[in-house]
Amino acid sequence: MPLSPPVLLAPMAGITDRPFRDLVASFGAGLVVSEMVASQEMVEAKASVRARAELGYDAARTAVQIAGREAHWMAEAARIAEAQGARIIDINMGCPAKKVTNGYSGSALMRDPDHALRLIEAVVGAVNVPVTLKTRLGWDDACLNAADLARRAEGAGVRMVTIHGRTRCQFYKGQADWAAIRAVKEAVTIPVIANGDITDTASAARALRLSGADGVMVGRGAQGRPWALARIAADIYGTAPPDVPQGPALVALVAGHYEAMLSFYGRDLGLRVARKHLGWYMDVAETPADLRRLVLTAHDPAQVIAHLPDALEPRQRRVAA
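Undergrad: Provide a residue-level description of the overall build of the protein, including the pertinent values.
TA: A count of helical and extended segments in the protein gives 15 helices and nine strands. The C-alpha radius of gyration of the protein comes to 20 Å, within 12% of the 20 Å expected for a compact globule of 321 residues. The principal-axis extent of the C-alpha atoms belonging to the protein is close to 65 × 45 × 35 Å. Looking at the 321 residues of the protein, the share that counts as buried comes to 54%. For the protein, the share of sequence-separated contacts (at least 6 apart) that also reach a separation of at least 24 residues comes to 67%. By element, 51% of the accessible surface of the protein is carried by carbon and sulfur atoms, the whole surface being about 13800 Å². Of the side chains in the protein, 37 bear a positive and 33 a negative charge, and the two mean positions are spaced by 3 Å.

Shown next, in the form of structure tokens:
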């Protein structure tokens, strides 16, 4: 399943919500992936899932990611997503969080590849849209089975696989081993996407060279820089470069993102959720501590927006003043 450009936004819990995905996609990402949704909760329509996920079923270049440990619930969740208009179903077998792996979901499934394959077969058999898979290199250094799982997943009908270059037991420590992804690329004929520590053009180019992968997936590198994926795509694949906002244009972008979060979550929850995104924008802008504090402690959305021009003013202009 060709993606153009092959620069994808990683699913990140509590971060890649609908407002952020829409913003990243507006700059030209090849694919954005929803936050992971537990399949049984999705089927049962529990409030926590419904509140978290306007999943972008009908949005182009959006994959809906599901997780679980039982074939029935995984298949039913996939059917619901497809019926609502999902273009791609992504299966999560890479999440390292203890609350996920303790339930034998996410990367815990790499310890039982036969069961993992049954889940994959159930999802592929349940839908007509493309199914993709996201995993890690393995559970630990003694269980590096990503290549074997990817080969079996391809045989079951998976159309693309994304590999985070760490084991589950590494969590996010150390450096992602992009070279280890090459074994997966050599094991399959479907596209392989490299993930882990890819934040800019230099890291993306090195990951591609070492892994031989067909594309890259960016996570933390997009925080505070929703144009980052488009910048990588332009530098490596020759797509149109993004118009990176500065000055008043950056203020307008951040204010628009902030208002979209308030609309999506409601005022009270939106105020809290937005703070991390505002913090990342201010990290990039090198906002002084006093201005940062004003933005992040304001309880009135109008006050937040009023502080943004000063908080996001270019550093060099502040220094010159």
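Undergrad: Just give me the short version of the pairing of strand E6 (residues 131–136), but keep the residues and values in it.
TA: Each regular strand carries side chains that alternate between the two faces of the sheet. Most of E6 is tucked away, with six of its six residues classed as buried. Both faces of E6 are covered, namely the face carrying Val131, Leu133 and Thr135 and the face carrying Thr132, Lys134 and Arg136. The pairing of strand E5 (residues 88–93) with E6 spans five bridges and is parallel. Bridge pairing in E6 places Asn92 opposite Lys134.

Undergrad: Please give an account of the layout of surface pockets that cites residues and values.
TA: Each pocket or cavity is described by its volume, and for the largest pocket that value is around 1100 Å³. For the largest pocket, the lining is made up of 47 residues, of which Ala13, Met36, Asn92, Cys95 and Val100 are closest to its centre. Mapped onto the lining of the largest pocket, the elements with two or more residues apiece are strand E3 (37–38), helix H2 (39–44), strand E4 (62–67), helix H5 (98–101), E6 and strand E9 (215–218). At four residues, the largest contribution of residues to the lining of the largest pocket is made by H2. When the residues that make up the lining of the largest pocket are grouped by side-chain class, the tally is 18 nonpolar, 17 polar and 12 charged.

Undergrad: Explain the nonpolar core to me, and be specific about the residues and the numbers.
TA: Ile89, Met93, Ile120 and Leu133 are the most contacted members of the largest nonpolar core, which totals 65 residues. Take this core: its biggest share by element is seven residues, from helix H6 (residues 113–126). Residues Leu253, Tyr265, Val273 and Leu312 belong to the second largest nonpolar core, which totals 24 residues.

Undergrad: How would you explain the packing of helix H12 (residues 267–285) against helix H13 (residues 289–297) if you had to name every residue and give the values?
TA: At a minimum axis separation of 10 Å, H12 and H13 run at an interaxial angle of 160°. By the angle class used here, H12 and H13 are roughly antiparallel. The crossing of H12 and H13 is right-handed. Of H13, the residues touching H12 (which contributes Arg275, Leu278, Gly279, Met282 and Asp283) are Arg292, Val295 and Leu296.

Undergrad: Describe in detail the side chain of Glu35, supporting the description with residues and values.
TA: Position of Glu35 among the secondary structure elements: in the loop between strand E2 (31–33) and E3. In this structure the side chain of Glu35 is engaged in a polar contact, spanning 2.6 Å, whose partner is the backbone nitrogen of Gly14.

Undergrad: Just give me the short version of the environment of Val251, but keep the residues and values in it.
TA: Along the chain, Val251 falls in helix H11 (residues 248–265). Sequence separation between Val251 and Asp177 is 74 residues; the distance between their C-alpha atoms is 37 Å. In contact with Val251, other than residues within four places in its own chain, are Leu308, Pro309 and Leu312.

Undergrad: Quick rundown of H11? Include the residues and the values.
TA: The first and last C-alpha atoms of H11 sit 26 Å apart over 18 residues, in line with the 26 Å expected at 1.5 Å per residue. Of the surrounding elements, those touching the buried residues of H11 are helix H1 (18–27), H12 and helix H14 (301–311). Following H11 by one or two positions, Gly266 has its phi on the positive side, about 90°.

Undergrad: Outline the pairing of E9, listing residues and values.
TA: Side chains of E9 alternate between two faces, with Gly215 and Met217 and Val216 and Val218 buried alike. Across three bridges, the pairing between strand E1 (residues 7–9) and E9 is parallel. When the bridges of E9 are listed, Val7 appears paired with Val216. Where strand E8 (residues 192–195) meets E9, three bridges bridge the pair, whose relative direction is parallel. Note on E9: the bridge partner recorded for Ala194 is Val216. Viewed along the sheet, the connection from E8 through helix H9 (residues 201–211) into E9 turns out right-handed.

Rules and cut-offs
Sequence order sets the numbering: in each chain, residues are counted from 1 along the sequence as written. Reporting in this predicted model follows two pLDDT cut-offs: at least 70 for local features of residues, and 80 or more for side-chain atom pairs to be given and counted; totals over whole chains, interfaces and linings ignore these cut-offs and use all residues. Heavy atoms throughout the structure, all of them, feed into the side-chain values; hydrogens and water do not. Numbering of helices and strands runs from the N terminus, with a helix taken as a DSSP run of H or I at least four residues long and a strand as a DSSP run of E at least two residues long. We compute the radius of gyration from the C-alpha atoms alone; for a globule the expected value is 2.2 Å times N to the 0.38, where N is the number of residues. Working definition: with a 1.4 Å probe on protein chains only, accessible area under 20% of the residue-type maximum means buried, over 50% means exposed, and in between means partly exposed. Note on definitions: a residue-residue contact is assigned when non-hydrogen atoms from the two residues lie within 4.5 Å. For the accessible areas, the method is Shrake-Rupley and the probe is 1.4 Å, while residue cover comes only from the protein chains on display. Charge assignment: positive for Lys and Arg, negative for Asp and Glu; neither His nor the chain ends contribute. In this description, the location of a charge corresponds to atom NZ of lysine, CZ of arginine, CG of aspartate or CD of glutamate. One bridge is not enough; two strands pair if DSSP finds at least two bridges between them. Only protein atoms enter the 1 Å grid used here. Points where a 1.4 Å probe fits but cannot escape make up a cavity, open sets with protein on both sides within 12 Å along at least five of seven lines make up a pocket, and a residue lines them when an atom lies within 4 Å of a point. Grid points are joined across faces, edges and corners, and a volume is the space filled by probe spheres set on the points. As a working rule, the residues Ala, Val, Leu, Ile, Met, Phe, Trp, Tyr, Cys and Pro are called nonpolar, Asp, Glu, Lys and Arg charged, and the rest polar, with Gly in that last group. We define a nonpolar core as any set of buried Ala, Val, Leu, Ile, Met, Phe, Trp, Tyr and Cys residues linked to one another through side-chain atoms lying within 4.5 Å. For helices, the fitted line uses only the C-alpha atoms of the stretch in contact; every axis is such a line through C-alpha atoms, and the angle between N-to-C directions lies from 0 to 180 degrees. Throughout this description, any angle smaller than 35 degrees is read as roughly parallel, any larger than 145 degrees as roughly antiparallel, any in the 65 to 115 degree range as roughly perpendicular, and the remainder as oblique. Handedness of a crossing follows from how the near helix is turned relative to the far one, being left-handed for an anticlockwise turn of less than a right angle and right-handed for a clockwise one. Polar contact criterion, stated in full: a pair of N or O atoms within 3.5 Å, where within protein one must be able to donate a hydrogen and the other to accept it, and residues adjacent in sequence count only if both atoms are side-chain atoms. One less than the number of residues in a helix, times 1.5 Å, gives the span that helix is expected to have. Here the term right-handed applies to a crossover when the path leading from its first strand over the helix to its second strand runs clockwise, the strands being oriented away from the viewer.

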